[in-house]
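Residue strings, one per chain:
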Amino acid sequence: MTLRYCLRLAAVLLLLSQGLGVAAELWSTPEGRAQVFEAFVDLFRDQYWSVDYLDWDDWAERHRDDALAADDRAAFDQVFRRMVFELDDDHSSWLGLPVESDARGDAGALAQPRLGARLGFVLDVGLVVRRVLPGSPAEAVALQRGDVIVEIDGEDVRGSRSLGGALQLLGRQARDGALSLQILRRGAPLRLEAAPEPLTDTEVESRPQATMLDNHTGYLYVPTFRGDLVAADSHRLLQELEAQGARSLVLDLRGNLGGRLSQVGLLLGAFLEGAWTEAESRGEVAWRGRYLRDGGVGVSLLEEDGGQVLSRTSLEAPVRFDGPLVVLVDSRNSSAGEVIALALQDLGRAAVVGQPTSGNVEALRTFDLPDGSRVMVAVANLNGINGLVFSEGVQPEVIAAEDLRQLARGFDAPVAEAVRLLNGLPFTPGKFF
């Protein structure tokens, strides 16, 4: 850390000790804008994971005049937003000044009743159920992935010309209370009566789900690593799958945009033990991710070479699943949602089915600037401990993608390919129908 940055950090602490309101007004004078701008540039020059990622001096020069000439806060913020966008690393982010949360926002989110399903639309086919969210009205009436909603309260969904139009119809009818749904399940008609409820995304979309695909193949879907209980819920569901006879597993990460590495480490502990990633920063290994068992407790560690622990997260009564494993990914996967597949692939613990991913695998740290604004900086880039370059993305052994028309007929291509691999079949089950 440079002396210049240390001095600027001291200024930050002094200003914050005098009150955020005073610090936040720094932007209103040329001197204050210069102070914030130089602290921002110093952060990236001194903390960004790659010293040579950009010519940092040239980057600063091209934006300095705009920052100093900003005549309102929005224009000042926009300069920093452009500078971060120019990095094109998909992780670093301008957060700006903290905004006080409004409790009324949460109440507003609860105001609209929802069915609780992720839906796609196929013209002249209907609304195709892609996911049934846990704890939702859709789950309560046993709606299933691949079901096709063709009528809502007697109105034919297939008359809609787009997903937006079909969802508007669903939302309009949901506000009136109970829904009568005519669906097709693998071509067979079925009527369901659902009672939409107010739901927030965090309540229903971040929770792992599990089921049995057949008598010995379990299926675990993990949509995100953003919550504190993702790993705990996953271990609990794995235990339930094993009790139901699961001897092999499909781990579905499709659409997972990442989250906390501590949760990734704990989930990986269900399948392996020891080091699983190295974080490169400024040409050196900054820290390693490692999982270990300490008695009956699973521990996810981020630790430096000398053994200093940067982060420690524990989980009571973890599961260890040693059976065959296939991981599903798609092109939407990002960050920690890629890292878990890459780590399992690097260590030879799992095969991967799906689509290549982008390799967006940087670790972040949030910093405060002298005016109280905040910026997230990519301070490390993750790699495999056996030399796999994580930033090249996941390269599946088998390429397969979800197709809504096929899903509407009961065929999920990536899941079918995973089952084929796990069972050593010479054909893809369910493909020919």
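This one's a predicted model, so the numbers in the text were calculated from it and none came from an experiment. (Residues numbered from 1 in each chain as written. Predicted model: local features only at pLDDT ≥ 70, side-chain atom pairs only at ≥ 80, totals over all residues. Heavy atoms only, no water.)

## Examining the overall build of the chain
Note the threshold: A run of H or I in DSSP becomes a helix once it reaches four residues, and a run of E becomes a strand once it reaches two; helices and strands are each numbered from the N terminus. Here, two residues are considered to be in contact whenever any of their heavy atoms come within 4.5 Å of each other. Computed with a 1.4 Å probe, the accessible areas rest on the Shrake-Rupley method; for each residue, only the protein chains presented here act as cover. Asp and Glu count as negative and Lys and Arg as positive, but His and the ends of the chain are not part of the count. Taken as the charge location is NZ of Lys, CZ of Arg, CG of Asp or CD of Glu.
Of regular secondary structure, the chain possesses 14 helices and 21 strands. Its C-alpha atoms put the chain at 70 × 50 × 35 Å along the principal axes. In the chain, 66% of the contacts between residues at least 6 apart in sequence involve partners at least 24 apart. Accessible surface computed for the chain: about 19,800 Å², of which carbon and sulfur atoms make up 50%. Once the 42 positive and 63 negative side-chain charges of the chain are each reduced to a mean point, those two points are 5 Å apart.

## A few points about the sheet that holds strand β11 (residues 217-221)
For clarity, the threshold we go by: Pairing between two strands requires that DSSP report at least two bridges joining them. Angles here are taken between N-to-C directions and fall from 0 to 180 degrees, while the axes themselves are lines fitted to C-alpha atoms, restricted in helices to the stretch in contact.
With respect to topology, 6 strands assemble into an open sheet ordered β10-β11-β12-β17-β18-β21, the strand pairing being mixed. Every interior strand has two partners, whereas the edge strands, β10 (209-212) and β21 (398-399), have only one. As defined by bridge partners, β11 adjoins strand β12 (residues 248-252) across 5 bridges and the pair is classed as parallel. Pairing of Thr217 across the sheet is with Ser248, part of β12. Here helix α14 (residues 413-423) sits on the sheet and contacts β11, β12, β17 (325-329), β18 (351-354) and β21; the angle it forms with β17, its principal contact strand, is near 160 degrees.

## Here's the deal with helix α11 (residues 261-268)
For clarity, the threshold we go by: Exposure is judged per residue with a 1.4 Å probe applied to protein chains only, and the accessible area is read against the type maximum: over 50% gives exposed, under 20% gives buried, and values in between give partly exposed.
Taken across its 8 residues, α11 has 8 buried, putting it largely inside the fold. For α11, the complete set of buried residues consists of Leu261, Ser262, Gln263, Val264, Gly265, Leu266, Leu267 and Leu268.

## Digging into unusual backbone geometry
For Asp124, which is not glycine, the phi torsion reads 70 degrees and is therefore positive. With respect to the helices, strands and loops of the structure, Asp124 is situated in the loop between β3 (117-122) and β4 (126-132). Phi at Ser335 takes a positive value of approximately 55 degrees, unusual for a residue other than glycine. Counting through the fold element by element, Ser335 comes out in the loop between β17 and α12 (336-346). Since its relative accessible area comes to 14%, Ser335 is described here as buried.

## Focus: the confidence of the model for the chain
Rules: Residue-level confidence of the predictor is summarised by pLDDT, bounded by 0 at the bottom and 100 at the top.
Mean pLDDT over the chain works out to 88, with 90% of the residues at or above the 70 mark. Low pLDDT, under 50, characterises residues 1-20; the stretch is placed with 25 contacts to residues that sit more than four places away or in other chains. When the criterion is pLDDT under 50, residues 101-111 qualifies, and its contacts beyond four places in sequence or with other chains add up to 5 contacts.

## Re the pairing of strand β1 (residues 93-96)
Across the two faces of β1 the burial differs, with Trp94 and Gly96 buried and Ser93 and Leu95 not buried at all. As paired elements, β1 and strand β20 (residues 374-383) share 3 bridges and run antiparallel to each other. Looking at β20, one finds that Trp94 is bridged to Val375.

## Side note on the environment of Gln244
Examined against the element boundaries, Gln244 turns out to sit in the loop between α10 (230-243) and β12. Along the chain, Gln244 and Thr217 lie 27 residues apart, while their C-alpha atoms are 9.5 Å from each other. For Gln244, the residues in contact, after removing those within four places along its chain, are Met212 and Asn215.

## Examining the packing of helix α3 (residues 30-47) against helix α4 (residues 56-69)
Heads up, the condition is: Orientation is classified from the angle alone, with under 35 degrees giving roughly parallel, over 145 giving roughly antiparallel, 65 to 115 giving roughly perpendicular, and any other angle giving oblique. Should the near helix be turned anticlockwise from the far one by less than a right angle, the crossing is termed left-handed; should it be turned clockwise, right-handed. For this scheme, ten residues count as nonpolar: Ala, Val, Leu, Ile, Met, Phe, Trp, Tyr, Cys and Pro. Four count as charged, namely Asp, Glu, Lys and Arg, and the remainder, Gly too, count as polar.
Packing of α3 against α4 brings their axes to within 10 Å, and their N-to-C directions diverge by 155 degrees. In terms of orientation, α3 lies roughly antiparallel with respect to α4. Regarding α3 and α4, the two cross each other, and that crossing is right-handed. Each of Pro30, Arg33, Ala34, Phe37, Glu38, Phe40, Val41, Phe44 and Arg45 in α3 lies in contact with α4, whose residues at this interface are Trp56, Asp57, Trp59, Ala60, His63, Arg64, Ala67, Leu68 and Ala69. Taken together, the residues that form the contact of α3 with α4 break down as 12 nonpolar, 1 polar and 5 charged.

## Describing the environment of Gly307
Mapped onto the fold, Gly307 is located in the loop between β15 (297-303) and β16 (309-316). Along the chain, Gly307 and Trp287 lie 20 residues apart, while their C-alpha atoms are 9.1 Å from each other.

## A look at the nonpolar core
Our working rule: Put simply, buried Ala, Val, Leu, Ile, Met, Phe, Trp, Tyr and Cys residues joined by side-chain atoms within 4.5 Å make one nonpolar core.
Membership of the largest hydrophobic core comes to 42 residues, with the highest contact counts inside it found for Phe225, Leu251, Phe271, Val327 and Leu344. Within the residue set of this core, elements represented by two or more residues are α10, β12, α11, β13 (274-281), β17, α12 and β20. Sequence-distant contacts of Leu344, defined by excluding residues within four places in its chain, comprise Leu251, Leu268, Phe271, Leu272, Leu325, Val327, Arg349 and Ala350. Core analysis: the next-biggest nonpolar cluster, separate from the first, contains 29 residues, Trp27, Tyr48, Trp56 and Phe76 among them.

## Digging into a negative patch on the surface
Put simply, the rule is: Residues enter patches when they are more than 30% accessible in relative terms and free of salt bridges; like-charged ones are connected within 9 Å and nonpolar ones (Val, Leu, Ile, Met, Phe, Trp, Tyr) within 5 Å. Salt bridges are defined as contacts in which a side-chain nitrogen from Lys or Arg sits within 4 Å of a carboxyl oxygen from Asp or Glu.
A cluster of acidic residues, Asp153, Glu155, Asp176 and Glu193, forms a negative patch on the protein surface. Relative to the helices and strands, Glu193 resides in strand β8 (residues 188-194).

## Things to note about the packing of aromatic side chains
Going by this rule: What counts as a ring pair is set by centres within 6.5 Å for rings of Phe, Tyr and Trp (its six-membered ring), and what kind of pair is set by the plane angle: stacked under 30 degrees, edge-to-face over 60, tilted for all other angles.
Under the counting rule described, the total for this entry stands at 14 aromatic pairs. Seen in terms of ring centroids, Trp56 and Trp59 are 5.2 Å apart; in terms of plane orientation they differ by 80 degrees. Their pairing is edge-to-face. Placement of the pair is Trp56 and Trp59 together in helix α4, with a separation of 3 residues, close to one helical turn. The same class applies to Trp56 and to Trp59, which are both buried. Judged by centre distance (6.5 Å) and plane angle (80 degrees), the ring pair of Phe271 and Phe321 falls under edge-to-face. You can see Phe271 sitting in the loop between α11 and β13 and its partner Phe321 sitting in the loop between β16 and β17, a full 50 residues away along the chain. Phe271 gets classed as buried once you look at its relative accessible area, which sits at 1%. Clustering of aromatic rings is evident, with ring pairs tying together Phe37, Phe40, Phe44, Tyr48, Tyr53, Trp56, Trp59, Phe76, Phe80 and Trp94.

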